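Structural characterization, general
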Amino acid sequence: MALKSYNMVQTIQGITRIAKRGDKFTQSTIDVIFTNCLNSEFVKSVVLDERIGDHQAIKCELNFTAPKAPKFEKVEIRDHCKHNVKSFVQFLSEGSNYQPLLTCQCAESAILGLSEHIDSAYRNHFPLKTIKRHEKFINKPSSALLDAIRNTRIAHASFKKLKKKQDNGNCNQCKICVKCIKCDEAWLSYKSQRNHRTKEARSCRRTNIVNDLKAKSMKNDLKGIWKTIKLASNVNPSISSDTAADENNSPESFNEHFAEIGPKIQSEALKLDDHVCYSDFLPERLSDSRFDEFEEVTT
């Protein structure tokens, strides 16, 4: 009744498990596939010859295609290169005929004609181009962060100004005069604004990362998700794990070290004479040192 209430249909009709109980073999359809879209997206379901333990593998085919996420987001902008800007300025100054506008009796018509002329020249001299969206947009500041940065700069400039007056006034930092008190207050205000800016920067970065992961998860952009995780971990997304590893800790450096350590030590070792033996490099034997003898234990 529960399956019928949800319009579910069991599609596996073959035997999926054969078990031996004593002298008898039992056959059952214990592995099943349920669906409520049998007529539209569901194609078929079969029992395979491959086994997983004592069960037969089963497979179903669905008629749908997963959307492929783009490698990167494309943005169209106008190409404002130096060559296009120079060509645009030259066209407006030397290649345009403004005589009809100068002889026009209606000011509104002249203004409209000039705007259309400039707009047409802009579209012709600055064509559209497609660029990739910047990968490090997770550091894009919010309005609150921009306000915090602006207030921090104002507080820092105010502190520097008061500090300069304190130094030029031959003050010995007595901490009780007016200049010292104002300078200390400005320093505390700057530190407070600086800490607030740091807090806003971390909060903004965290929000950007979460929003980007949500957006890429909805698009099933696994590659983009991995790039965002690398950027959040301060790892360059364009560098692989093998390249990003420290050169001293790479397998190649270890192999090279142990392959060359023997000849290197041999070349750096002292040239010893034939009469020098290994015991000459050992410390002297202590006079009271001895080997303990173990007594036999009987039970």
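Reading the values: the criteria
- Residues numbered from 1 in each chain as written.
- Predicted model: local features only at pLDDT ≥ 70, side-chain atom pairs only at ≥ 80, totals over all residues.
- Heavy atoms only, no water.
- Helix = DSSP H or I, 4+ residues; strand = E, 2+ residues; numbered from the N terminus.
- Expected span 1.5 Å × (residues − 1).
- Buried < 20%, exposed > 50% of the residue type's maximum accessible area, 1.4 Å probe, protein only.
- Arc of directions from axis to C-beta.
- Contact = heavy atoms within 4.5 Å.
- Patch = residues over 30% accessible without salt bridge, like charges linked within 9 Å, V, L, I, M, F, W, Y side chains within 5 Å.
- Areas by Shrake-Rupley, 256 points an atom, 1.4 Å probe, with all protein chains shown as cover.
- Salt bridge = Lys/Arg side-chain N within 4 Å of Asp/Glu carboxyl O.
- Axes fitted to C-alpha atoms, helices over the stretch in contact; angles between N-to-C directions.
- Parallel < 35°, antiparallel > 145°, perpendicular 65-115°, else oblique.
- Left-handed = near helix turned anticlockwise from the far one by under 90°.
- Nonpolar A, V, L, I, M, F, W, Y, C, P; charged D, E, K, R; others polar.
- Pairing = 2+ DSSP bridges.

What follows is about helix H4 (residues 107-125). Under the 1.5 Å per step criterion, the end-to-end length of H4 is 27 Å for 19 residues, consistent within 8% with the ideal 27 Å. For H4, every residue scored as buried is listed here: Ala110, Ala121 and His125. Axial view of H4: buried residues confined to an arc of 20°, hence all on one face. In this structure, H4 carries Glu108, Ile111, Leu112 and Glu116 as exposed residues pointing more than 90 degrees from its buried face. In this structure, the buried residues of H4 make contact with helix H2 (82-94) and helix H3 (99-102).

Below, the discussion takes up a nonpolar patch on the surface. Judged by side-chain polarity, Leu3, Val32 and Phe34 come together as a nonpolar surface patch covering roughly 230 Å² of accessible area. One can find Val32 in the loop between strand E3 (24-28) and strand E4 (34-35).

Moving on, we get to the pattern of salt bridges. Under the definition given, this model contains seven salt bridges. Between Glu61 and Lys44 there is a salt bridge, with the nearest N and O atoms lying 4.0 Å from each other. Of this pair, Glu61 sits in strand E6 (residues 55-62) while Lys44 sits in strand E5 (residues 42-52), and the two are 17 residues apart along the sequence. Of the charged contacts, one joins Lys59 and Glu61 as a salt bridge, the two residues approaching to 3.6 Å between their closest N and O atoms.

The next point concerns the packing of H2 against H4. Taken N-terminus to C-terminus, the directions of H2 and H4 make an angle of 150°; their axes are 10 Å apart at the nearest point. On the basis of their axis angle, the class for H2 and H4 is roughly antiparallel. Like other packed secondary-structure pairs, H2 and H4 cross with a definite hand, here right-handed. Judged by residue contacts, Asn84, Ser87, Phe88, Phe91 and Leu92 of H2 engage His117, Ile118, Ala121, Tyr122 and His125 from H4. Looking at the contact of H2 with H4 residue by residue, the classes come out as six nonpolar, four polar and no charged.

Remember that side chains alternate between the two faces of the sheet whenever the strand is regular. Across five bridges, strand E2 (residues 17-21) lies against E3 in antiparallel orientation. Counterpart to Arg21 in the pairing with E3 is Lys24. Hairpin connection from E2 to E3: two residues lie between these consecutive antiparallel strands, with Gly22 at a positive phi of about 70°.

What follows covers helix H7 (residues 222-232). Along H7, the residues that are buried comprise Gly224, Ile225, Thr228, Lys230 and Leu231. Close packing links the buried residues of H7 with helix H6 (178-218). Just beyond H7, the residue with positive phi is Asn234, at close to 60°.

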